[in-house]
Amino acid sequence: MKGSLYINDKDAFITWGVVMQKGAYNSILLPPSNKAYTTNEQRSSSGVQVFYENIQPSDRTFNISFVILADTKQDYLSKYKSFVDELSNGQVIMRITELKTIYKLHVDGYLNLNNYMNKQGILNVRFSEPNIKERIYL
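Conventions used here
- Throughout this description, residue numbers start from 1 for each chain and increase along the sequence as written.
- The predicted nature of this model means local features are confined to residues of pLDDT at least 70 and side-chain atom pairs, given and counted, to a pLDDT of 80 or more, with totals for whole chains, interfaces and linings taken over all residues.
- Heavy atoms throughout the structure, all of them, feed into the side-chain values; hydrogens and water do not.
- Each helix corresponds to a stretch of at least 4 residues labelled H or I by DSSP, and each strand to a stretch of at least 2 residues labelled E; elements are numbered beginning at the N terminus.
- Contacts are assigned to residue pairs with any non-hydrogen atoms lying within 4.5 Å of each other.
- We define a salt bridge as a contact between a side-chain nitrogen of Lys or Arg and a carboxyl oxygen of Asp or Glu at a distance within 4 Å.

### A closer look at the environment of K35
Consideration 1: Mapped onto the secondary structure, K35 falls in the loop between α2 (24–29) and β4 (38–40).
Consideration 2: Once the C-alpha coordinates of K35 and I55 are considered, the two residues, 20 residues apart in sequence, prove to be 7.2 Å apart.
Consideration 3: When sequence neighbours within four positions are dropped, the list of residues in contact with K35 reads Q56, P57 and S58.

Written out as structure tokens, the structure is:
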């Protein structure tokens with residue numbers, strides 16, 4: 001858990017008691033769609049001419065569920081607030097050690113919060129990756 005996820009150069013587990021929920025890599029590793037192909041529909045020829053040169057990836061959005069672990073209800077609330085504040089500051093630089101990749105993201109929204117026993121919660125966050133070519137592979 002420690003050293004596996006960094007958000008804005010902070011160890012997520014040490015700082016907020018945060019780990020990604022099982023299955024989060026499935027969302028992160030899914031490739032983006034390509035941008036729409038450029039086409040030309042001339043009246044003088046049948047069908048549509050499609051240009052396949054210079055294919056570029058589109059932006060993408062995906063969800064990640066984070067588990068927030070704490071010792072007490074007060075500790076949970078403090079970690080939760082600090083974690084949401086960090087995500088809401090603008091660009092989120094997420095380094096996932098196992099994937100050896102740094103992602104440049106921003107939060108599109110918070111989808112769900114499940115609070116169990118007031119000491120553990122799951123926060124589901126929708127991220128946007130505007131340009132996958134800005135990823136850094138370590």
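The structure having been displayed, the exposition proceeds.
### Side note on the side chain of S65
Consideration 1: Mapped onto the elements, S65 comes out in strand β6 (residues 60–69).
Consideration 2: Not counting chain neighbours up to four residues away, the residues in contact with S65 comprise V19, M20, Q21, I122, L123 and N124.

### Let's talk about the pattern of salt bridges
Consideration 1: Within this structure, the stated rule accounts for 5 salt bridges.
Consideration 2: Linking E86 and K10 is a salt bridge whose minimum nitrogen-to-oxygen distance equals 2.7 Å. Here the residue E86 occupies a position in helix α3 (residues 73–87), and K10 occupies one in strand β2 (residues 10–11), the gap between them amounting to 76 residues.
Consideration 3: For R60, the salt bridge identified is with E129, shortest N-O distance 2.7 Å.

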